[in-house]
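# Analysis of the macromolecular model
So you can see what is in the structure, the chains are spelled out below.
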Amino acid sequence: MKTNKKFFMKRLVKLNKKLTYWMVFLTIGLVMFFSMYSNVKPAKLDVEQFSIAKETIRSPITIEDKEQTEKKRNEVVSQVKPQYVMKQEYAQNRVDLISSIFDSAIDLQNELVKNSAATETPDSPISVPSENERLEWLKEKLTNTVNNDLSETTLKALVNHTKTDLSIAKDAAVTAVNKVMTERISANEVENAKKKVEDQIRYISLPQDLKNATIELGRYAIIQNEFYDPKATEELKKQASENVEPVRILQGQIIVEEGQLIDQEIYRQLQLLGLLDNNNSHLPFIGLLLFVLILLASIFSYFRGYKRQDQNQQKELLIFGTILIISFIIMKGISLIPVDNVDLAIIFPAAMCSMLIKILLNDRLGFIGTVILAASGAIIFNSQTSGPFHLIISLYILFSGFSGLLFLTNQNHRTKIFQAGLFVALVNIVVIVAMLFIPNSKFSGIHYLFYVVMAIFSGVLSSVLTIGLLPFFEAGFGILSTMKLIELSNPNHPLLKKILTDAPGTYHHSVMVANLAEGACEAIGANGLLARVASYYHDIGKTKRPSFFIENQMNMSNPHDRLTPEQSRDIIITHTTEGAEILKAHRMPKEIVDVAVQHHGTSFLKFFYHKAKEMGEDVSENDFRYPGPKPQTKEIAVISIADSVEAAVRSMANPTMEKIEQLVKNIIKDKLNDGQLSDCDLTFKELTIIEKTLLETLHGIFHNRIEYPEIKNER
């Protein structure tokens, strides 16, 4: 029953942790969503057609005006002229037709000459066919169409003239017809073309009747040779239509100015832009929800790969979320300040978020936070632009936040934070000036100066807010920041003064341990500053009874000589718990309290155990062990080793590097064999590095004091 209750409570705690974890995510998401809600909410205008505009209305988006595009295309297509094609073969056909008519008449004359030569004799006169016979003969040579189209007079003229006259007439007609027919002749130009042929033949030297006949034949030969080409016309119209650029209403374009009449066309454009109706008004909110989910996914991807304890995971997520929410509140507040003609978003302290996160958490989360703020700022500050995104401010926030991460050093004194703020201000100036110059903005000198001042203010405000908010985060979340550690390392701290005054030997011992532990921790990638500061306070419990600890026993007898081993044991062991009580009473960080409690782990007090044995007492080893717990972190484990090494080396009569090296190896080996390092995650490789680093530090401390030659007084 007891086991089931314990299991149930364990499951309940785990469920509570998960619930807290997701509640933090939900809170961050809701803050993001509602801070950007009003910025994506479609603007609905209460305007009527043929009313006067109360304000200047600009297009919030770029959209194609399909109606105007179609109208423009129709206008262009209507201006396309019909395409005509010229039948080049018609000229030759008509020339051939005229030639064949004349050739038929010439053949008739040749036939007459031939017949007359054959029938001519001395006794009989020449038999000449009558005009009607010749006419019938010619008609038989011609087609019915030609016979019907040509007048009787023209045919008679062709059969009544000699071959020579016919040849001249033929040449004149063919030349005139060919010349005119090689030119374009549309349907309404046929008569003019016939007149051109007539004019060219009229001045030929021929008998009048043959000339008239030739003119008629020339006019007869002229026909239309240019015809409408529907395919070419349609192709040209299609090409003209495709070349028409779509008519677009551009983002930021003025649709109607204040005081202007909202006519039918303007009203139609407002409808097209969705400024008059509520159709599809849910789409921006769906888009915003997806946008927020993407930003939350970037945070989730980091914490999903978290390898430390759930408590630390929740704590870091809560800190990150709090900083992010504060930044969103500041950002939204600035965006709501009603200022015309000035982009007040520049004063937003973008680097505050990245610097706070770097100091309290790490660089990677600072990078994620900066990207989230930059992406969200593009929407929150979009009131300064006509579109849904203010990309200039987004880049400005991005560069400002990244510069805060870059310029903030690990030595996070307040002066260093303020210096980082000044560097951020310089980057802000460069970025904002570049963003104003690139689009060739035309501002006055006062305008540019105002933007520069706001950029400087943003950087300085970032550092001021970082310095101001840091103590609240440290107190509220129990965070041991770098700045806090630096403050605790100040020799003027009351507890350090207490150690120096009450237990000067312990103070010197602590400083030596700090030097050893810091170098070793930094060598394995642990927190060297934490190790140094914690080492200063790790033996604060000795101030209760300083004379009972060997480093403080100068020019005095050892009080343990007058105590039983059990009494001595209790005094020595309680310095860890009493030290923790002192540190807690002064509200010292938990990490430093843990060092005071754990730096001896469950190690064995061999001296007093053997003393008890020598006195004949029946005691066990467990009675002479520290209560623990064993070191839980790398830093505490290193301090534990450094503490033992410093005490052992100090007790050596004539320390040499060989003796010290062997001593360090033995201490680390004993702690391993005794299981004192089993609860921390130190590896054997890291222990080797720790050993090497400790020896290097000790060499620097003792090399000037090892084996001085004895100086004999010869006097």
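Residues numbered from 1 in each chain as written. Predicted model: local features only at pLDDT ≥ 70, side-chain atom pairs only at ≥ 80, totals over all residues. Heavy atoms only, no water.

## With respect to the packing of helix 17 (residues 414–437) against helix 18 (residues 445–477)
Geometry of a packed helix pair, given as the angle between the helix axes and the separation of the axes. In the contact formed by helix 17 and helix 18, the axes pass within 8 Å of each other and the chain directions differ by 150°. With respect to helix 18, the element helix 17 is oriented roughly antiparallel. Our pair here, helix 17 against helix 18, has a crossing hand that is right-handed. Of the residues contributing to the contact of helix 17 with helix 18, the split by class is 19 nonpolar, six polar and one charged. (Axes fitted to C-alpha atoms, helices over the stretch in contact; angles between N-to-C directions. Helix = DSSP H or I, 4+ residues; strand = E, 2+ residues; numbered from the N terminus. Parallel < 35°, antiparallel > 145°, perpendicular 65-115°, else oblique. Left-handed = near helix turned anticlockwise from the far one by under 90°. Nonpolar A, V, L, I, M, F, W, Y, C, P; charged D, E, K, R; others polar.)

## What about the packing of helix 21 (residues 504–523) against helix 26 (residues 634–650)?
Where helix 21 meets helix 26, the axes come as close as 8 Å, and the angle between the chain directions of the two elements is 130°. In terms of orientation, helix 21 and helix 26 fall into the oblique class. Seen from above, helix 21 lies across helix 26 with right-handed handedness. Contacts between helix 21 and helix 26 involve His 509, Met 512, Val 513, Leu 516, Ala 517, Ala 520 and Cys 521 from the former and Glu 635, Val 638, Ile 639, Ala 642, Asp 643, Glu 646 and Arg 650 from the latter. (Contact = heavy atoms within 4.5 Å.)

## Describing the environment of Phe 473
Structurally, Phe 473 is set in helix 18. Expressed as a C-alpha distance, the spacing of Phe 473 and Thr 322, which sit 151 residues apart in the sequence, is 9.3 Å. Excluding anything up to four places from it in sequence, Phe 473 contacts Ile 319, Thr 322, Ile 323, Ile 326, Leu 356, Leu 360, Gly 478 and Ile 479.

## Examining unusual backbone geometry
Here the bond from Gly 628 into Pro 629 is cis, since omega is 5°, no more than 30 degrees from zero. With respect to the helices and strands, Pro 629 occurs in the loop between helix 25 (606–614) and helix 26. Despite not being glycine, Phe 50 shows a phi value in the positive range, around 70°. With respect to the helices and strands, Phe 50 occurs in the loop between helix 1 (2–40) and strand 1 (57–58). Its relative accessible area of 55% is what places Phe 50 among the exposed residues. (Buried < 20%, exposed > 50% of the residue type's maximum accessible area, 1.4 Å probe, protein only.)

## Looking at the pattern of salt bridges
Inspection of the entire model under this criterion finds 23 salt bridges. The closest approach of N and O atoms between Asp 674 and Arg 625, which form a salt bridge, is 2.9 Å. Note that Asp 674 is positioned in the loop between helix 27 (657–673) and helix 28 (684–702) and Arg 625 in the loop between helix 25 and helix 26, a separation of 49 residues in sequence. Looking at Asp 674, the relative accessible area reads 29%, which means it is partly exposed. Here Glu 686 makes a salt bridge to Lys 634, at a shortest N to O gap of 2.8 Å. Of this pair, Glu 686 sits in helix 28 while Lys 634 sits in helix 26, placing them 52 residues apart in sequence. Overall, the relative accessible area of 22% leaves Lys 634 in the partly exposed class. A network of salt bridges, in which partner residues are shared, links Asp 65, Glu 67, Glu 265 and Arg 268. (Salt bridge = Lys/Arg side-chain N within 4 Å of Asp/Glu carboxyl O.)

## Examining the packing of aromatic side chains
As enumerated under the stated definition, the model contains 18 aromatic pairs in all. Considering the side-chain rings of Phe 25 and Phe 300, the 6.0 Å spacing of their centres and the 65° angle between planes classify their relative orientation as edge-to-face. Separated by 275 residues along the polypeptide, Phe 25 in helix 1 and Phe 300 in helix 12 (residues 283–304) bring together distant segments of the chain. Residue classification places Phe 300 among the partly exposed residues on the basis of a relative accessible area of 29%. Ring centres 6.2 Å apart and planes at 45° place the aromatic pair Phe 33 and Tyr 37 in the tilted group. (Phe/Tyr/Trp six-rings, centres within 6.5 Å; stacked < 30°, edge-to-face > 60°.)

## Some remarks on the nonpolar core
With 68 residues, the main nonpolar core has Met 32, Ile 299, Phe 320, Leu 324, Leu 360, Ile 372 and Ile 397 as its most contacted residues. When contributions to this core are tallied by element, the ones reaching two or more residues are helix 1, helix 12, helix 13 (310–335), helix 14 (350–360), helix 15 (363–380), helix 16 (391–407), helix 17 and helix 18. By residue number, the principal contributor to this core is helix 14, which donates nine residues. Core analysis: the next-biggest nonpolar cluster, separate from the first, contains 51 residues, Leu 495, Met 588, Ile 636 and Leu 694 among them. (Core = buried A, V, L, I, M, F, W, Y, C linked by side-chain atoms within 4.5 Å.)

## What to know about the side chain of Ser 462
Looking at where Ser 462 falls in the secondary structure, it is placed in helix 18. Separated by 2.8 Å, the side chain of Ser 462 and the backbone oxygen of Ser 458 make a polar contact. Look past the residues within four positions of Ser 462 in its chain and what remains in contact with it is Pro 349, Ala 350, Ala 351, Met 352 and Met 355. (Polar contact = N/O pair within 3.5 Å; in protein donor to acceptor, adjacent residues only side chain to side chain.)

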